[in-house]
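What follows is each chain in one-letter form.
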Amino acid sequence: MAVRAVRGAVQLERDAADHMSEQVGALLTAVLERNGLGPDDLISIWFTATPDLHSDFPAAAAREFGLADVPLICAQELDIDGAMPRVVRILAHVESDRPRSEIAHVYLGAAAALRKDIAQ
């Protein structure tokens, strides 16, 4: 089993705790499904949120999702002029037999524009 890193992001439509929970849950679901992973394969997850998101911690949404024993941490994304607003990003460290080239990074909805080089 190798340690792999999986990236992903989602843009929220609004800054509301229930919406963040829903969207972070959708992102985590997609990351796990597209990479053939289960919660036990997760080592840790870094979350970042753009400075315009204040309603809740993305890690709180992950706890609601059921990740009770996975180490999680949140940080604020850089405040860059012209950057996409209301974005939650993840960097998940996982155990996987997949080669690095077969790891599926997941950018949902409008966040797909952040990484046009990655086929979705």
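I will try to describe carefully the structure that is included in this document. The model shown is predicted, which means the values in this text are computed figures rather than measured ones.

1. As for the side chain of Thr50
- With respect to the element layout, Thr50 can be found in the loop between β2 (42-49) and α2 (58-65).
- A residue is classified by how much of its surface remains accessible, and Thr50, at 6% relative accessible area, is buried.
- A polar contact of 3.1 Å, which involves the side chain of Thr50, links it to the backbone nitrogen of Arg86.
- Sequence-distant contacts of Thr50, defined by excluding residues within four places in its chain, comprise Glu77, Met84, Pro85, Arg86, Val87 and Arg89.

2. Points about the pattern of salt bridges
- Inspection of every chain in the model, using the stated rule, returns one salt bridge.
- Where Arg89 meets Glu77, a salt bridge forms, and the shortest distance between an N and an O atom there is 3.6 Å. Separated by twelve residues along the polypeptide, Arg89 in strand β4 (residues 87-96) and Glu77 in the loop between β3 (72-76) and β4 bring together distant segments of the chain.
- For Arg89, a relative accessible area of 15% gives the class buried.
- For Glu77, a relative accessible area of 23% translates into the label partly exposed.

3. A short note on the pairing of strand β1 (residues 2-11)
- Where β1 meets β4, ten bridges bridge the pair, whose relative direction is antiparallel. Across the sheet, the residue bridging to Val3 is Glu95, located in β4.

4. A look at the environment of Glu22
- Positionally, Glu22 belongs in helix α1 (residues 17-34).
- The class of Glu22 is exposed, set by a relative accessible area of 52%.
- Taking C-alpha positions, Glu22 is 9.6 Å from Glu64, a pair spaced 42 residues apart along the chain.
- Separated by 3.0 Å, the side chains of Glu22 and Gln23 make a polar contact.

5. Here we look at the packing of α1 against α2
- The N-to-C vectors of α1 and α2 enclose an angle of 65 degrees; their axes lie 8 Å apart at closest approach. In terms of orientation, α1 lies roughly perpendicular with respect to α2. α1 and α2 meet at a crossing whose hand is right-handed. Contact residues: Met20, Ser21, Val24, Gly25, Leu28, Thr29 and Leu32 in α1; Pro58, Ala61, Ala62, Glu64 and Phe65 in α2.
- Looking at the contact of α1 with α2 residue by residue, the class counts come to eight nonpolar, three polar and one charged.

What counts as what
Residues numbered from 1 in each chain as written. Predicted model: local features only at pLDDT ≥ 70, side-chain atom pairs only at ≥ 80, totals over all residues. Heavy atoms only, no water. Helix = DSSP H or I, 4+ residues; strand = E, 2+ residues; numbered from the N terminus. Buried < 20%, exposed > 50% of the residue type's maximum accessible area, 1.4 Å probe, protein only. Polar contact = N/O pair within 3.5 Å; in protein donor to acceptor, adjacent residues only side chain to side chain. Contact = heavy atoms within 4.5 Å. Salt bridge = Lys/Arg side-chain N within 4 Å of Asp/Glu carboxyl O. Pairing = 2+ DSSP bridges. Axes fitted to C-alpha atoms, helices over the stretch in contact; angles between N-to-C directions. Parallel < 35°, antiparallel > 145°, perpendicular 65-115°, else oblique. Left-handed = near helix turned anticlockwise from the far one by under 90°. Nonpolar A, V, L, I, M, F, W, Y, C, P; charged D, E, K, R; others polar.

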